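# Geometric and topological summary
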Amino acid sequence: MSKNDPEIVELDLEKMASDALARALADYIKINGQDEPFVKAYFQWAWNNMDGQTLMDEYLKLPENMKPE
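Conventions we followed
Residues numbered from 1 in each chain as written. Predicted model: local features only at pLDDT ≥ 70, side-chain atom pairs only at ≥ 80, totals over all residues. Heavy atoms only, no water. pLDDT = per-residue confidence, 0-100. Helix = DSSP H or I, 4+ residues; strand = E, 2+ residues; numbered from the N terminus. Buried < 20%, exposed > 50% of the residue type's maximum accessible area, 1.4 Å probe, protein only. Polar contact = N/O pair within 3.5 Å; in protein donor to acceptor, adjacent residues only side chain to side chain. Contact = heavy atoms within 4.5 Å. Salt bridge = Lys/Arg side-chain N within 4 Å of Asp/Glu carboxyl O. Phe/Tyr/Trp six-rings, centres within 6.5 Å; stacked < 30°, edge-to-face > 60°.

### Examining the confidence of the model for the protein chain
Confidence in the prediction of the protein chain, expressed as mean pLDDT, is 90, and 99% of residues score 70 or more. The least confident element of the protein chain is helix 3 (residues 52-61), whose mean pLDDT is 89; the most confident is helix 1 (residues 13-32), at 93.

This is the structure:
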């Protein structure tokens, strides 16, 4: 930390855990697919808890060349 940085650092542990789980599941899906019940359960949890409809609306607004194939 530099002398101008605040002495207190705030961490959003729930978001950090959620992000880590999403990254791990992305790797799992690449290797094993997304047919396991726990993967589907995570997708449902993420849709409900991360405002899935808003995320989907934003994704649909992206130009086609920015969407994964």
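Following the structure, the description resumes.
### Structural notes on the side chain of Lys-67
Assignment of secondary structure puts Lys-67 in the segment after helix 3. Here Lys-67 falls in the buried class, since its relative accessible area comes to 13%. A distance of 3.0 Å separates polar atoms of two side chains, one belonging to Lys-67 and the other to Glu-64. Beyond its immediate stretch of four places on either side in the chain, Lys-67 contacts Tyr-59, Leu-60 and Leu-62.

### Remarks on the pattern of salt bridges
Throughout the structure, instances matching the rule amount to 3 salt bridges. Between Glu-64 and Lys-67 there is a salt bridge, and its shortest N-O distance comes to 3.0 Å.

### Looking at the packing of aromatic side chains
Here the structure, examined in full by the defined rule, presents 3 aromatic pairs. For the ring pair Tyr-42 and Phe-43, a centre distance of 6.3 Å and an interplane angle of 55 degrees mean the geometry is tilted. Residue Tyr-42 is classed as buried on the basis of its relative accessible area of 11%. For Phe-43, a relative accessible area of 37% translates into the label partly exposed. Through a chain of ring-to-ring contacts, the aromatic side chains of Tyr-42, Phe-43 and Trp-45 assemble into a single cluster.

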